[in-house]
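Residue-level structural notes
Below are the chains, spelled out letter by letter.
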Amino acid sequence: MNSQQRPEPKAQLMQGNEACAEGALAAGCRFFAGYPITPASEIAERLSFRLPQEDGSFIQMEDEIASMGAVIGASLAGVKSMTATSGPGFSLMQENLGFACMAEVPCVVVNVMRGGPSTGLPTNPSQGDVMQARWGTHGDHPIIVLSPTSVRECYTLTVKAFNYSEKYRTPVILLMDEVVAHMREKVVLPAPGSLEVIDRLKPSVPPEWYLPYEDTSFGVPPMGIFGEGYRYHVTGLTHDIRGFPTLRQDEIEPFILRLFRKISIHFDDIQIVESFQTEDADLIIIAYGCTARSAHRAMVEARARGLKVGLLKLITLWPFPRRVIEPLTRAGKTLLVPEMNMGQISREVKRVNQGMTEVLAVNRIDGMMITPKEILEKIQEERK
Amino acid sequence: MIEDRPLIYKYLRHDKKFPHVWCGGCGIGILLGSLIRAIDRLEYTKDEIVLISGIGCSGRLPVYVDFNTLHTTHGRALTFATGVKLAKPEMKIIVIMGDGDATAIGGNHFIHAARRNLDLTAIIVNNNIYGMTGGQFSPTTPYGQRATTAIYGSVEHSFDIAHLAVSAGAVFAARGTVYHVRQLDGLIEKALQKNGFSVVEIISQCHTHFGRLNKLGNQIDMMKWQRDNAVPVEKARKMSPEEMEGKFEIGILVDREAPNYLEEYEKVRQKAKEALSLQLAKEEKEDSDRREA
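All values reported here derive from a predicted model rather than from experimental measurement. (Residues numbered from 1 in each chain as written. Chains lettered and ligands numbered in written order. Predicted model: local features only at pLDDT ≥ 70, side-chain atom pairs only at ≥ 80, totals over all residues.)

1. What to know about the overall build of chain A
From N to C terminus, chain A includes 13 helices and 16 strands. For 384 residues, the compact-globule formula gives about 21 Å, and the C-alpha radius of gyration of chain A, at 21 Å, lands near that figure. For the C-alpha atoms alone, the extent of chain A along its principal axes is close to 70 × 50 × 40 Å. Residues counted as buried form 54% of the 384 residues belonging to chain A. For chain A, the proportion of contacts with a sequence separation of at least 24, taken over those separated by at least 6, is 76%. (Helix = DSSP H or I, 4+ residues; strand = E, 2+ residues; numbered from the N terminus. Rg over C-alpha atoms; globule rule 2.2 N^0.38 Å. Buried ≥ 20, exposed ≤ 12 C-beta atoms within 10 Å, placed from the backbone. Contact = placed C-beta atoms within 7 Å.)

2. What to know about the overall build of chain B
Check the secondary structure of chain B and you find twelve helices and ten strands. Across the 293 residues that make up chain B, the buried fraction comes to 47%. When contacts within chain B are restricted to residue pairs at least 6 apart in sequence, long-range pairs at least 24 apart make up 65% of them.

3. Overview of the packing of helix H1 (residues 16–27) of chain A against helix H2 (residues 41–50) of chain A
All names here are of chain A. Across the interface, H1 lies against H2 with an axial gap of 8 Å and an inter-helix angle of 45 degrees. Taken together, the axes of H1 and H2 lie oblique to each other. Regarding H1 and H2, the two cross each other, and that crossing is right-handed. Here Asn 17, Glu 18, Cys 20, Ala 21, Ala 24 and Leu 25 of H1 come into contact with H2, specifically with Glu 42, Ile 43, Arg 46, Leu 47 and Arg 50. (Axes fitted to C-alpha atoms, helices over the stretch in contact; angles between N-to-C directions. Parallel < 35°, antiparallel > 145°, perpendicular 65-115°, else oblique. Left-handed = near helix turned anticlockwise from the far one by under 90°.)

4. Here we look at unusual backbone geometry
Among all residues save glycine, negative phi is the norm, and among peptide bonds the norm is trans. With an omega dihedral of 5 degrees, the bond running from Thr38(A) to Pro39(A) counts as a cis peptide bond. Mapped onto the elements of the fold, Pro39(A) is located in the loop between strand E2 (31–34) and H2. Its identity as a non-glycine residue notwithstanding, Ser118(A) has a phi of 55 degrees, on the positive side. With respect to the helices and strands, the residue Ser118(A) is situated in the loop between strand E5 (107–115) and strand E6 (121–125). Of note in the backbone geometry, Lys215(B) takes a positive phi value of approximately 55 degrees without being a glycine. Within the secondary structure, Lys215(B) sits in the loop between helix H8 (207–213) and helix H9 (219–229).

5. Considering helix H12 (residues 344–353) of chain A
At 3.6 residues per turn, the α-helix brings residues three or four places apart onto the same side. All names here are of chain A. Within the sequence span of H12, burial applies to Gln 344, Ile 345, Ser 346, Glu 348 and Val 349. Looking at the buried positions of H12, the neighbouring elements they touch are helix H5 (130–135), strand E12 (283–287), helix H11 (322–330), strand E15 (334–339) and strand E16 (359–363). Just beyond H12, the residue with positive phi is Gln 354, at close to 50 degrees.

6. Some remarks on the packing of H11(A) against H12(A)
Residues and elements named next belong to chain A. Direction vectors running N to C along H11 and H12 enclose 65 degrees, while the axes themselves pass 9 Å from each other. H11 and H12 meet at a crossing whose hand is right-handed. Contacts between H11 and H12 involve Arg 322, Ile 325, Glu 326 and Thr 329 on the former and, on the latter, Val 349, Val 352 and Asn 353. Here the residues of the contact of H11 with H12 are counted per class, giving three nonpolar, two polar and two charged. (Nonpolar A, V, L, I, M, F, W, Y, C, P; charged D, E, K, R; others polar.)

7. Digging into the confidence of the model for chain B
Here chain B averages 96 in pLDDT, while 98% of its residues score no lower than 70. The ipTM for the predicted assembly is 0.96, set against a pTM of 0.97. (pLDDT = per-residue confidence, 0-100.)

8. Concerning the domain arrangement of chain A
All names here are of chain A. Assigned domains within chain A: domain 1 (3–188) and domain 2 (273–382). For domain 1 and domain 2, the distance between their C-alpha centroids amounts to 26 Å. Facing 23 residues of domain 1, the contacting portion of domain 2 comprises 20 residues. Elements with a minimum of two residues in the side of domain 1 that touches domain 2: E6, H5, strand E7 (144–146), strand E8 (171–177) and helix H7 (178–182). The element contributing the most residues to the side of domain 1 that touches domain 2 is H5, with four residues. Taken together, the residues of the side of domain 1 that touches domain 2 break down into 14 nonpolar, seven polar and two charged. (Domains from an automatic or database assignment.)

9. What to know about the interface of chain A and chain B
Taken together, the contacts link 41 residues of chain A with 40 residues of chain B. Going through the elements one at a time, E2, strand E3 (57–60), helix H3 (64–76), helix H4 (87–103) and strand E10 (233–235) of chain A are the ones with two or more residues in the side of chain A that touches chain B. The leading source of residues in the side of chain A that touches chain B is H3(A), at nine residues. A class-by-class count of the residues in the side of chain A that touches chain B yields 22 nonpolar, twelve polar and seven charged. Strand direction decides the pairing type here: E10(A) and strand E2 (residues 68–71) of chain B, joined by three bridges, are parallel. Across the sheet, residue His233(A) finds its bridge partner in E2(B), namely Thr69(B). (Pairing = 2+ DSSP bridges.)

10. Observations concerning the sheet that holds strand E13 (residues 309–314) of chain A
Residue and element names in this part refer to chain A. Read across the open sheet, the five strands follow the order E11-E13-E12-E15-E16; overall the sheet is mixed. Looking along the sheet, the strands with just one partner apiece sit at the ends: strand E11 (273–276) and E16. Averaged over all pairs of adjacent strands, the angle between strand axes in this sheet comes to 20 degrees, irrespective of strand direction. With four bridges connecting them, E11 and E13 associate as antiparallel partners.

11. Details of the nonpolar core
Grouped together as the largest cluster of nonpolar side chains are 183 residues, with contacts concentrated most on Val110(A), Leu174(A), Leu175(A), Ile285(A), Val84(B), Val95(B) and Ile123(B). Among all residues touching Leu175(A), those that are not within four sequence positions of it are Asn111(A), Met113(A), Asp129(A), Val130(A), Ala133(A), Val145(A), Leu146(A), Ser147(A) and Leu317(A). Within the second largest apolar cluster, six residues are counted, among which are Tyr130(B), Phe137(B), Ala147(B) and Cys206(B). (Core = buried A, V, L, I, M, F, W, Y, C linked by C-beta atoms within 7 Å.)

Here is the structure:
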């Protein structure tokens, strides 16, 4: 019995967290380790029920540190793995998340953002973990972070997160917010098998020739799996191409540079945005997550009032889609960034902008969503 | 042990540059010999072994041997092991930790792994101190003993690792020393064969830090101390607490049967599949009812 035999999907009322769990299954995830935390618990609950149906494993660990460790272990043994948490748990996961970056272990970490810092607002929405998702673990490292705005995207982007993690051998963070996670909306999920599912590349050379961290033109070395004859060493220490710890300058720098290059040469594949009526717009809203929903409404209202407003919805937050935003700043379009934090993405936009054009922000940090009205008022104030 | 050389050589990684990181006279090398002899006697293939470690002197052990090896973060070795075992139940998972690694930073993972009873073997080298970072006191530094962060003597009371494992639910818990090396071979062999979470605590010496700071002599003096103060479990049971003062038990503390986690989880999978069959049958019936209507 498996998901392929299930009937064709019908329209259903579904929650973002549930869609994320189903997306993970569709991507081939067969291992979940987690620790209860609101507003992410429904992902664990759903997978504790669904994974054993598909011959997978669900395990509730003693904390989030352990959850992240178990996820890496399962992935090294060849099983696509995931965990889900919220801010406080995400902080605990940073240690082993860095290990996954260093040892290049594919895995998906879902962080359903709630208000912070610390225990913060359980469980009012926030978008306060954008920078933590980028730089939460210590040391220079690249990371991929995706942010869904709808229940359907919770499903499709979970599949995409797994694909990126497998393709580029990197942890991928699905940065959801409480609104998107708990919201129920009508959704028709893609039919089983209709979405592309990518599996990691395994070595094809004889085991005695295998160099587990060898550079390739693609930047990502094929991954040996424990128990499949390619015995090698996995460590969080900086290592040479054989996987053994090294302190040699001529090995350290090329390794770290390759970690960055394997992401940067694939920006075209990784950086996803959606544009709405940006061609003729003189003011463009840049938004992500639940705020992009309000922004879309504000754009429609503004257009009805004859204002030339467009929306650039960021799906990939990191690596930051600089190359999409740069042309907008050069064209002198006013940029407006609404977000539920003190300005974590607007700061990035300003960094890209370098004073070329005006960058405005609407920020809320009181645990409430930014409404279309607030964004519209800001636009009208600007266009007076 | 001259006759062991070809055997040890068979399991070492020859593309790794030696020398190893351990101080001359360290007990970890003796433990590695015992582990290799146990693995060889049980005829495991190199491919089916996953050797996992945390951070510290003991954490450097896996890199030298030709198995699937995983050097994790400090204290977290058992969590990685949990994931590997669930993903590949047919593999033999051995986890090497130190006293600080297993019972300070990894203490929570240790007791929960024992409670969960997943089929893993934990080997804990107890040298009473953090060696790699320079001799700071650990959860097994005895009360009153000195360390570089307890220069006036430690005022904390120490853990008894093997008994901690028994209390937390390990189905096999034993203690050996690097002096009693033949016994140690046997203890590791038994632990590897055990179905469930097994623990072997190994009393070892850190003459570089613990011995020096506490004036316990060199590595040979410290091994003599192991010889003179280790009491076989059977004999210890007949001794009074006063007679046991300053001494410790060696041998098998507990060897009991209990269903392991994977056996229990297989039952969960069966129930889950039954639930799925019922759900699919229900959906099909609803569909056909709708078509008729």
